[in-house]
Amino acid sequence: MLPETTVWSVLERLRDMEGSPLLLIERGVGQNPDRYALVPTHARRATTIDTLTGSAEVESVHPAWSIIGWRHRILYDAVVAAAEPQTPDELFTVVGVGRTSGYEALLDLRVAGLLTVENAHIGVGPVELDDIGHRHGLTSAVRTRIVRHRAERIVWREWLAAREEARTPPEPDRSVFAIADDHPADPPDHDYILAVMDTGPPDPF
C-alpha cells in the first residue's frame, strides 16, 4: 500500500548508499523492470534481527501496517518471534531502538490491540493484522490497486508496441522489381552480337 513514487524513490536512494543491502543487478528495459538482489550487510540492526528471526528474507508485508505505521512492524515481529515474554527494555535492546521511540511504538501497538503489557512483560494482543485490514477496507483497496496496475501494464505494452512499430522500417515494395510480361522484348540480333564481340560497342557519338 505504499505509493508507487515512494517505492522507486526509496529504492533509488538505498541502492546508492554505501553498505546498502540492496544491489541493482539489472536495469529495466521495455517491459522488464529493474531487478534487485538482497545482499548481506554488517549493520548492527541486521545482525540482531537475523539472530532473532533467522536469515533475512524478502517477503510480503501486511497492508495493515499502512494504517498502524510501517516502523512499528519490527517491534511487533520481535514480540511474535520471541520464545518468551520480554520487558520493554529487553525488547528495545534486541530490536535496537531507543527508549523514547520504543515506548511510542509500543503505545501505538497497544492501542491497536496488537500487543499487551502484563506484569511488565510484553505479549501478543487479541487483535490480529487481518482484523485491522478488514476494519479499514484494505482488502478492497489492495484489489483495486492490482486491477489498476494490470490496466496500466496493458497500456504500457501497447505504447511500447506502437513505438517499436514506428521505429521499424517498412518492407520494400517488391512490385518495383517485378518484370512485366505483357510486352516481352524482341529476341536479340545474333549478327549484331557477333559484330560487337569482334569490334567492340558502337561509338555513342
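Preceding block: the structure.
In this text, all values refer to a predicted model and were calculated from it rather than measured experimentally.

Enquirer: Honestly, the packing of aromatic side chains in this entry has me stumped. Any pointers?
Expert: Two aromatic rings are characterised by how far apart their centres lie and by the angle between their planes. For the structure shown, the criterion picks out three aromatic pairs. Ring centres of phenylalanine 92 and tyrosine 103 lie 5.0 Å apart, and the angle between their planes is 80°; this geometry places the pair in the edge-to-face category. Placement of phenylalanine 92 in helix 5 (residues 88-95) and of tyrosine 103 in helix 6 (residues 99-111) is noted, with a sequence separation of eleven residues between them. Take phenylalanine 92: its relative accessible area is 2%, and that puts it in the buried class.

Enquirer: It is not clear to me how the layout of surface pockets should be interpreted in this structure. Could you clarify?
Expert: One number sums up the size of the second largest pocket: a volume of about 370 Å³. Gly28, Gly30, Gln31, Asn32, Pro33, Asp34, His149, Glu152, Arg153, Trp156 and Arg157 together form the lining of the second largest pocket.

Enquirer: Help me out: how do you make sense of the environment of isoleucine 122 in this one?
Expert: Within the secondary structure, isoleucine 122 is located in strand 4 (residues 121-124). Judged by its relative accessible area of 4%, isoleucine 122 falls in the buried class.

Enquirer: Help me understand the nonpolar core in this model?
Expert: Core analysis: the largest hydrophobic core is formed by 21 residues, its most contacted members being Ile68, Leu75, Leu91, Leu109 and Leu114. Counting only elements with at least two residues in this core, the list comes to helix 3 (65-68), helix 4 (73-81), helix 5, helix 6 and helix 7 (129-135). With four residues, helix 4 is the largest single contributor of residues to this core. If near-sequence neighbours (up to four positions away) are discounted, isoleucine 68 is found in contact with Leu109, Leu114, Leu129 and Ile132.

Enquirer: Just checking my understanding: could you explain the environment of glutamine 86 for this structure?
Expert: Among the secondary structure elements, glutamine 86 is positioned in the loop between helix 4 and helix 5. Residues glutamine 86 and histidine 121, spaced 35 residues apart in sequence, show a C-alpha to C-alpha distance of 5.1 Å. Every residue in contact with glutamine 86, bar those within four places of it in the chain, is listed here: Leu91, Val94, Ala120, His121 and Ile122.

Enquirer: Please clarify how helix 8 (residues 138-167) should be interpreted in this entry.
Expert: Residues three or four positions apart in an α-helix share a direction because the helix packs 3.6 residues into each turn. Over its 30 residues, helix 8 extends 43 Å from the first C-alpha to the last, a length consistent with the 44 Å expected when each residue adds 1.5 Å. Looking at helix 8, one finds that the buried residues are Leu138, Arg145 and Leu160. Looking at the packing, one finds that the buried side of helix 8 touches helix 1 (4-15), helix 3 and helix 7.

Enquirer: What is the right way to look at the side chain of arginine 145 in this model?
Expert: Looking at where arginine 145 falls in the secondary structure, it is placed in helix 8. No salt bridge is formed by the buried arginine 145; the nearest opposite charge belongs to glutamate 4, separated by 4.2 Å. Here arginine 145 is in contact with Met1, Leu2, Pro3 and Glu4, once residues within four sequence places are set aside.

Enquirer: Help me out: how do you make sense of the packing of helix 4 against helix 5 in this one?
Expert: To characterise two packed helices, one gives the angle between the axes of the helices and the distance between these axes. Closest axis-to-axis distance for the helix 4/helix 5 pair is 10 Å, and the angle between their directions is 110°. The angle between the axes of helix 4 and helix 5 places the two elements in the roughly perpendicular class. In the packing of helix 4 onto helix 5, the handedness of the crossing is right-handed. Residues Ile74, Leu75, Ala78 and Val79 of helix 4 lie in contact with helix 5, whose contacting residues are Leu91, Phe92 and Val95.

Quick notes on the rules
- Residues numbered from 1 in each chain as written.
- Predicted model: local features only at pLDDT ≥ 70, side-chain atom pairs only at ≥ 80, totals over all residues.
- Heavy atoms only, no water.
- Phe/Tyr/Trp six-rings, centres within 6.5 Å; stacked < 30°, edge-to-face > 60°.
- Helix = DSSP H or I, 4+ residues; strand = E, 2+ residues; numbered from the N terminus.
- Buried < 20%, exposed > 50% of the residue type's maximum accessible area, 1.4 Å probe, protein only.
- 1 Å grid on protein atoms, 1.4 Å probe; cavity = no way out; pocket = protein on both sides within 12 Å on 5 of 7 lines; lining within 4 Å.
- Points joined across faces, edges and corners; volume = space filled by probe spheres on them.
- Core = buried A, V, L, I, M, F, W, Y, C linked by side-chain atoms within 4.5 Å.
- Contact = heavy atoms within 4.5 Å.
- Expected span 1.5 Å × (residues − 1).
- Lys, Arg positive; Asp, Glu negative; His and termini not counted.
- Salt bridge = Lys/Arg side-chain N within 4 Å of Asp/Glu carboxyl O.
- Axes fitted to C-alpha atoms, helices over the stretch in contact; angles between N-to-C directions.
- Parallel < 35°, antiparallel > 145°, perpendicular 65-115°, else oblique.
- Left-handed = near helix turned anticlockwise from the far one by under 90°.

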